[in-house]
Amino acid sequence: MSRSTVNRVLLGVAAVLLLAAGVLVLAGGLDLYARLGLDMPGWWPLTSPDQPVVSAGSRTRWADESWWWPAVIAGLALVVAGTAWWLLAQLRRSGPATIALPTPGASGLRLRLRTRALEEALETGTVVLPEVERVSVRLLRGPRRPRLRAAVRLTPGGDPAELVEHFETGPCSSARSSLGLAELPAELRIRVLAAKPAAAPGRGGRRRRSRVE
């Protein structure tokens, strides 16, 4: 599961929980249960505006139990550790910092290229392709080999099929040869800009007429 997928799942779960809590508080605060004639069970939270969000009984129910405070501390520690792990994951690159280069005929020599340098070279080779307005390339970790992810924005009327062909035979082929890879999987996200509508003449403007004699 990719980092973006994990982020979407976590944000979705957090949004659902916060929405549910907000609806419960709003329904109790506005006394909607009484207005709608709904008879809620005794364990239902916040059924009237005069009721606190967390009752005194709920706050002190297990305070005298020997396991209560260790469980609370352990739960909070897990929350802090999970939050710190998620934050560090956002700061960490999704791909390798460097990548090895082949050194045929030079045994014992090891060359490594900065990933960002390779990405910049691919961006430079892609942005000069026909109808390309902007491009962003990232080298990601793959299960067995690295893979490319590129987001390309084409000018109005651009041909995505032609871009794929030019990218495969141009920048991507050059990267494969430089890295000594038999294949380099690539994922292209292409966006074609819509053509801008022609500007209509102003209502108050005067048309200039020419007369030829």
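Please refer to the structure placed before this passage.
Residues numbered from 1 in each chain as written. Predicted model: local features only at pLDDT ≥ 70, side-chain atom pairs only at ≥ 80, totals over all residues. Heavy atoms only, no water.

Quick look at the packing of aromatic side chains
Threshold: Ring pairs shown here join Phe, Tyr and Trp side chains whose ring centres sit within 6.5 Å, with only the six-membered ring taken for Trp; geometry is labelled stacked below 30 degrees between planes, edge-to-face above 60, and tilted in between. Buried residues are those whose accessible area, probed at 1.4 Å on protein chains only, stays under 20% of the maximum for their type, while exposed residues exceed 50% and partly exposed ones sit between those limits. A ring is scored as having a charge over it whenever the NZ atom of a lysine or the CZ atom of an arginine sits within 6 Å of its centre and within 35 degrees of its normal.
Applying the stated criterion across every chain, the model contains four aromatic pairs. The interplanar angle of 45° and the centroid separation of 6.3 Å between the aromatic rings of tryptophan 62 and tryptophan 67 together place this pair among those described as tilted. On the basis of relative accessibility, which here comes to 37%, the residue tryptophan 62 falls in the partly exposed class. Given a relative accessible area of 43%, tryptophan 67 falls into the partly exposed group. Ring geometry for tryptophan 62 versus tryptophan 68: centroids 5.9 Å apart, planes at 35°, classification tilted. Counting every residue linked through ring pairs, the aromatic cluster contains Trp62, Trp67, Trp68 and Trp69. In this arrangement the basic side chain of arginine 61 is found over the ring face of tryptophan 62, its NZ or CZ atom lying 5.1 Å from the centre.

Points about a nonpolar patch on the surface
This is how the line gets drawn: Patch definition: residues above 30% relative accessible area lacking any salt bridge, with like charges linked at up to 9 Å and the nonpolar side chains Val, Leu, Ile, Met, Phe, Trp and Tyr linked at up to 5 Å. The Shrake-Rupley method, run with a 1.4 Å probe, gives the accessible areas here. Residue values count only the displayed protein chains as cover. When a carboxyl oxygen of Asp or Glu lies within 4 Å of a side-chain nitrogen of Lys or Arg, that pair is called a salt bridge. For the purposes of this entry, the term helix denotes a DSSP run of H or I that reaches at least four residues, the term strand denotes a run of E that reaches at least two, and both are numbered from the N terminus.
On the surface, a nonpolar cluster with roughly 670 Å² of combined accessible area is contributed by Leu10, Trp85, Trp86, Leu87, Leu88 and Leu91. The biggest single contributor to the nonpolar patch is helix H4 (residues 68–91), with five residues. Its place among the elements puts tryptophan 85 in helix H4.

Let's talk about the sheet that holds strand E4 (residues 147–154)
Backbone hydrogen bonds hold the strands of a sheet together, and the pairing may be parallel or antiparallel. The test is simple: Note on pairing: DSSP must find at least two bridges between two strands before they are called paired. Only the stretch in contact is used when a helix axis is fitted, and all axes are lines through C-alpha atoms; the angle between N-to-C directions ranges over 0 to 180 degrees. What makes two residues a contact is simply this: any of their non-hydrogen atoms within 4.5 Å.
An order of E3-E4-E5 is seen for the three strands of this open sheet, with the pairing classed as mixed. Strand pairing shows two members of the sheet lacking a second neighbour, strand E3 (132–140) and strand E5 (186–192), which therefore form its edges. The mean inter-strand angle of the sheet, taken between neighbouring strand axes irrespective of direction, is 10°. The pairing of E3 with E4 spans eight bridges and is classified as antiparallel. Along E4, the bridge assignment pairs arginine 134 with arginine 153. Packing against the sheet, helix H5 (residues 115–127) makes contact with E3 and E4, and its axis sits at approximately 155° to E3. Strands in contact with helix H6 (residues 160–169) are E3, E4 and E5; relative to E5, the strand with the most contacts, it is inclined by about 145°.

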